[in-house]
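Take a look at the letters that make up each chain.
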Amino acid sequence: MPDNIAIDFSQFPDSRGHFGPYGGQFVAETLMEALHELHRAYQRYREDPDFVAELDADLADYVGRPSPIYHARRWSEQLGGARIYLKREDLNHTGAHKINNTVGQALLAKRMGKTRLIAETGAGQHGVATATVAARLGMECVVYMGLEDVHRQSLNVYRMRLLGATVVAVESGTRTLKDALNEAMRDWVTQVDDTFYIIGTVAGPHPYPLMVREFQSVIGRETRAQLLADGGRLPDALVACVGGGSNAIGLFHPFLGDPQVAMYGVEAAGEGLKTGHHAAPLCVGRPGVLHGNRTYLLEDDNGQILGTHSVSAGLDYPGVGPEHAWLKDIGRVNYVAVTDSEALAAFHELTRVEGIIPALESSHALAYVRQLAPTLQPQQSIVVNLSGRGDKDINIVAALDGITL
Amino acid sequence: MSRIASCFQTLRRSGRKALIPYITAGDPQPALTVPLLHAMVAAGADLIELGVPFSDPMADGPVIQRACERALRQGVSLRQVLELVRAFRCEDRTTPLVLMGYLNPIECMGYQDFARAAAAAGVDGVLTVDLPPEEAQELLTALLAVDLDPIFLLAPTSTPERIQKVAALARGYVYYVSLKGVTGAATLDVLDVGQKLDVIRRYTDLPVGVGFGIKDAASAAAVARLADAVVVGSALVSWIEQLEDEPERLQTEITGLLAAMRRAMDAGA
């Protein structure tokens, strides 16, 4: 880790969106000018005092920020070892961290004069967060969702429809998040003049990985301030689940320059990394190009993208944000994976021990905390990003437990 | 002179425009690809764009997506596509052939390995849909080292600055995407296309092909009056989809459509 002290993480990505060999803008020509327009607008408004004030007010009054940081005393005691803190993104409006980003991108869309918002979604949390801001701003909203996810996250589909969004079930490819992203890109290229594409994670072509990181970094900035106010000392470890990686980057980024803070990004090992049924590109994939950026991917020997599996729809993606790919290569963040069953065990444990029902995505981070906490000392602390609440997953968990609701 | 350049030079001398069909390699089955390529040449194709199937064809509409899926179901890989090109070249040494696809299969094979293998198989140009000039340098170096022409896209949204950037790197021809959308989308607007081609020609002397939205003889002839080449893809691939179990009729319909386009283009010239 000491090697990394010299890196100024705020200088990445470079002006063309590269994090070392990762990131960039790998899209068809039709979208290049749209990406440049977006980048120009973002550069302008991120420094604009009116924009920043409006965003801050929305995050406070509409989203409910700052989200609390909660010392899970009983769970910490039970695991024996480090003090565990939960960053309660599950308490945000709409129930996950996703809204931090959609509020920001929607304000940008409004200033750019766009009238139509589109989004891709896996678990539906980003789709709901986009439909929510669209309703509030009176904008048209279309959400693309893989057919398989439409079935397993039917509650969120109905929420989006209640909010006035059109949900398009995507039937191409593997019918999951990656195909929803393809379809949203196709929509954007077709209606590029009036449409703003709100990408929900730190992937996609530049400037999305940068922009989404900055909107989500409020998580880490708050965590830092809350812990320093509480105990006066930085955490020893940060843990977050990684699908595309937006909640993880949001928590990690403000701490990257603090070498004493260890970081763990937790991927979905599905039925096990050796079974091939998983969604862990950082752990077992290799670099390639998909969805506008170069990053770690799950692909076959011929460069075709592989289908993935995770009990959690939000982690069921064969790629990952390019900044994570870079952070892996330089060794700043440790990427690990936990299985479906380990995540489910953590889901039940937190629910019973702390009275908090976590999302299945966040349960992957919690499952790793169960391994990590006992290896640390009682005076050490871990912050885990509780990125979403589990209400949307109740039907899935019940079905796995053999219960029909 | 490259096969692509000499093809356009010959056409220009005879006052004709290039007809460029696109099919996805291995669709509906690998054994039909090479015979179909020969039949398309016999029906009047001047240059061939052969699609390399990819699992996530982001810039393509449903017709080409399903073509990719059909080919991938039979395990058609980039290496196998190159084998098909090699087989085509055994009998046809003059018709230029351009591979069209996405970057990841090429990146997976390795830029240099790919470029050498493609050149050896008889490929003349490479069009990588998701590789804009800003990211292209490394692949470009590998392609140029073996005299493969990098083909680039331009779009209605391309600014003069971007047109210049593309013109500086492009070889062979430039492919103008006639509308904002994916392949197989609505019919193009001939007036708009003409205006944009005027702008593009201020920055490049390369032949300009137009694709997206060309469905029949009439639209092919209309575009041929403005452009140096007419690209037709989804209209052909639709026939493959409808007749995948009837290979003979499939070939008849495809060659019939191409021949009708050829006649209309030549009559309009």
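Cut-off values and rules
- Residue numbers restart at each chain and count upward from 1, following the sequence in its written direction.
- Following the order in which they are written, the chains are lettered starting with A and the ligands numbered starting with 1.
- At least 70 in pLDDT is required for a residue's local features to be given in this predicted model, at least 80 for side-chain atom pairs to be given and counted, and no such filter applies to totals for whole chains, interfaces and linings, which use all residues.
- Values shown for side chains rest on all heavy atoms present in the structure; no hydrogens or waters enter the calculation.
- Counting from the N terminus, the helices are DSSP H or I runs at least four residues long and the strands are E runs at least two residues long.
- Residue burial is assigned from relative accessible area. The probe radius is 1.4 Å, only protein chains are included, and a residue is buried under 20% of its type maximum, exposed over 50%, and partly exposed in between.
- The contact definition used throughout considers only heavy atoms, calling two residues in contact when any of these lie within 4.5 Å.
- Per-residue and other accessible areas follow the Shrake-Rupley method at a 1.4 Å probe size, with only the shown protein chains counted as cover for residues.
- The charged-residue count follows a simple rule in which Lys and Arg add positive charge and Asp and Glu add negative charge, with His and chain termini not counted at all.
- Charge coordinates come from a single atom per side chain, which is NZ of Lys, CZ of Arg, CG of Asp or CD of Glu.
- Salt bridge, as used here, is a side-chain nitrogen of Lys or Arg placed within 4 Å of a carboxyl oxygen of Asp or Glu.
- With a 1 Å grid laid over protein atoms only, a set of points is called a cavity when a 1.4 Å probe fits there but cannot get out and a pocket when it is open yet has protein on both sides within 12 Å along at least five of seven lines; lining residues have an atom within 4 Å of a point.
- Grid points are joined across faces, edges and corners, and a volume is the space filled by probe spheres set on the points.
- Amino acids outside the nonpolar list (Ala, Val, Leu, Ile, Met, Phe, Trp, Tyr, Cys, Pro) and the charged list (Asp, Glu, Lys, Arg) are all regarded as polar, and Gly is one of them.

## Remarks on the overall build of chain B
So, step 1. Of the regular secondary structure elements, chain B holds 12 helices and eight strands.
So, step 2. Within chain B, buried positions represent 61% of all 269 residues.
So, step 3. Contacts in chain B between residues far apart in sequence, at least 24 positions, make up 72% of those at least 6 positions apart.
So, step 4. As displayed, chain B has an accessible area near 9,900 Å², and 50% of this comes from carbon and sulfur atoms.
So, step 5. For chain B, the distance from the average site of its 25 positive side-chain charges to the average site of its 32 negative ones is 6 Å.

## Observations regarding the pattern of salt bridges
Residues and elements named next belong to chain B.
So, step 1. Counted according to the given criterion, the structure contains 45 salt bridges over all chains.
So, step 2. A salt bridge links Arg86 to Glu83; the nearest nitrogen and oxygen atoms lie 3.8 Å apart. Here Glu83 and Arg86 lie together in helix α4 (residues 78-91), a separation of three residues that amounts to about one turn.
So, step 3. Using a relative accessible area of 38% as the deciding quantity, one classes Arg86 as partly exposed.

## Comments concerning empty space enclosed by the protein
So, step 1. Enumeration according to the criterion identifies eight cavities of 30 Å³ or more in this entry.
So, step 2. Roughly 340 Å³ of volume is contained in the largest cavity.
So, step 3. Along the wall of the largest cavity there are 29 residues; nearest its centre are His97, Lys98, Gly314, Leu315 and Glu361 of chain A.
So, step 4. Class assignment of the residues belonging to the lining of the largest cavity gives a composition of eight nonpolar, 17 polar and four charged.
So, step 5. Taken as a whole, the second largest cavity holds about 180 Å³ of empty space.
So, step 6. Lining the second largest cavity are 20 residues, and of these Ala28 of chain A together with Met58, Ala59, Asp60 and Val129 of chain B lie nearest its centre.
So, step 7. Of all the secondary-structure elements, those providing two or more residues to the lining of the second largest cavity are α1 (29-45) and α8 (177-190) of chain A.
So, step 8. Among the elements that make up the lining of the second largest cavity, the one with the highest residue count is α1 of chain A (three residues).
So, step 9. When grouped by side-chain class, the residues that make up the lining of the second largest cavity number 14 nonpolar, three polar and three charged.

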